[in-house]
Amino acid sequence: MTERLAISLTINGQSHGARVPARLTLADFLRQELGLTGTHLGCEHGVCGACTVLLNGEPVRACLMFAVQADGQSITTVEGLTPEGELSSLQQRFCEHHALQCGFCTSGMIVTAEAYLRKGGRPDPDAVRHAISGNICRCTGYQPIVEAIVDEAARRGES
Ligand code: FES
Ligand code: FES
């Protein structure tokens, strides 16, 4: 039988305790045990960025971390960045700029971009491209994603 280890962590502002197999990834823990399926799994080896979550405010690949490594830490998923029943301001910019097609990359893009914006990221297309350079999108050609994030950065700079 697989040994389970006790962990306790904060996810989207709420405390969680669980017993998990040592080799369960953080992504599988979020999706399968907590039902937080906004964290997508694409490559499962750290390349595509679809699984990006915030670990203590920093973007990380949830497919490259074990759930046990998140013990005692604070995790924010795309669900935690989405107001109940509505869209965040960044998500609204994605809609307005048609910054998604199939949507598979979108949650990882939103999490990565939100981290950039929260650090005071500037409305500079080159800086935005650099910030999202670890996230792959197969559909949009990136330009509308960059425009959406630049627009949101400009608005936050004004407010
Ligand atoms: Fe984690 Fe691709 S699924 S980086
Ligand atoms: Fe399809 Fe980005 S919208 S992968």
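Residues numbered from 1 in each chain as written. Chains lettered and ligands numbered in written order. Predicted model: local features only at pLDDT ≥ 70, side-chain atom pairs only at ≥ 80, totals over all residues. Heavy atoms only, no water.

Peer 1: Before we move on, could you go through unusual backbone geometry and cite the residues and values that matter?
Peer 2: Phi at asparagine 56 takes a positive value of approximately 50°, unusual for a residue other than glycine. Tracing the chain through its elements places asparagine 56 in the loop between strand E3 (52-55) and strand E4 (58-61). Residue classification places asparagine 56 among the partly exposed residues on the basis of a relative accessible area of 46%. Phi at tyrosine 142 takes a positive value of approximately 75°, unusual for a residue other than glycine. With respect to the element layout, tyrosine 142 can be found in the loop between helix H4 (125-131) and helix H5 (143-158). What makes tyrosine 142 partly exposed here is its relative accessible area of 30%. (Helix = DSSP H or I, 4+ residues; strand = E, 2+ residues; numbered from the N terminus. Buried < 20%, exposed > 50% of the residue type's maximum accessible area, 1.4 Å probe, protein only.)

Peer 1: Just give me the short version of the pattern of salt bridges, but keep the residues and values in it.
Peer 2: Tallying each qualifying case throughout the model produces 10 salt bridges. In this structure, glutamate 96 engages arginine 93 in a salt bridge whose closest nitrogen and oxygen atoms are separated by 3.1 Å. Of this pair, glutamate 96 and arginine 93 both sit in helix H2 (residues 89-96), 3 residues apart, roughly one helical turn. On the basis of relative accessibility, which here comes to 6%, the residue arginine 93 falls in the buried class. For the salt bridge of glutamate 114 with arginine 156, the shortest nitrogen-to-oxygen distance reads 2.9 Å. On the criterion of sequence distance, the pair formed by glutamate 114 in helix H3 (residues 106-118) and arginine 156 in helix H5 is long-range, its members being 42 residues apart. Owing to a relative accessible area of 6%, glutamate 114 belongs among the buried residues under this scheme. What emerges from the salt-bridge pattern is a single network uniting Arg93, Glu96, Glu114, Arg118, Asp151, Glu152, Arg155 and Arg156. (Salt bridge = Lys/Arg side-chain N within 4 Å of Asp/Glu carboxyl O.)

Peer 1: I'd like to hear about the nonpolar core, residue by residue, with values.
Peer 2: Core analysis: the biggest nonpolar cluster contains 24 residues, and Leu90, Phe94, Met109, Ile145 and Ile149 have the highest contact counts within it. Those elements giving two or more residues to this core turn out to be H2, H3, H4 and H5. Among the elements that take part in this core, H3 stands out by supplying 7 residues, more than any other. (Core = buried A, V, L, I, M, F, W, Y, C linked by side-chain atoms within 4.5 Å.)

Peer 1: Could you give me a rundown of the sheet that holds strand E5 (residues 74-76), with the residues and numbers involved?
Peer 2: With respect to topology, 5 strands assemble into an open sheet ordered E2-E1-E5-E3-E4, the strand pairing being mixed. Of all strands in the sheet, those with a lone pairing partner are strand E2 (14-21) and E4, marking the two edges. Geometrically, the sheet is characterised by an average inter-axis angle of 40° between neighbouring strands, direction not taken into account. Sheet topology places E3 next to E4; 4 bridges connect them, and they run antiparallel. Bridge pairing in E4 links leucine 55 to glutamate 58. This element, helix H1 (residues 26-33), spans strand E1 (4-11), E2, E3 and E5 of the sheet and lies at about 80° to E1. Each of E3 and E4 is contacted by H3, which is oriented at about 35° to E3, the strand it contacts most. (Pairing = 2+ DSSP bridges. Axes fitted to C-alpha atoms, helices over the stretch in contact; angles between N-to-C directions. Contact = heavy atoms within 4.5 Å.)

Peer 1: Lay out H3 in plain terms, naming residues and giving numbers.
Peer 2: Given a rise of 1.5 Å per residue, 13 residues ought to cover 18 Å, and the 18 Å separating the end C-alpha atoms of H3 matches this to within 8%. For H3, the complete set of buried residues consists of Thr106, Ser107, Gly108, Met109, Ile110, Val111, Thr112, Ala113, Glu114, Ala115, Tyr116 and Leu117. Buried-residue contacts for H3 involve E3, E4, H2, H4 and H5. The first or second residue beyond H3 is glycine 120, which carries a positive phi of 80°. (Expected span 1.5 Å × (residues − 1).)

Peer 1: Help me get a handle on the side chain of threonine 77, residues and values and all.
Peer 2: Relative to the elements of secondary structure, threonine 77 occurs in the loop between E5 and H2. At 2.7 Å, the side chain of threonine 77 forms a polar contact with the side chain of glutamate 79. Excluding residues within four positions of it along the chain, threonine 77 makes contact with Asn12, Leu30, Leu36, Thr39, Val53 and Val111. (Polar contact = N/O pair within 3.5 Å; in protein donor to acceptor, adjacent residues only side chain to side chain.)

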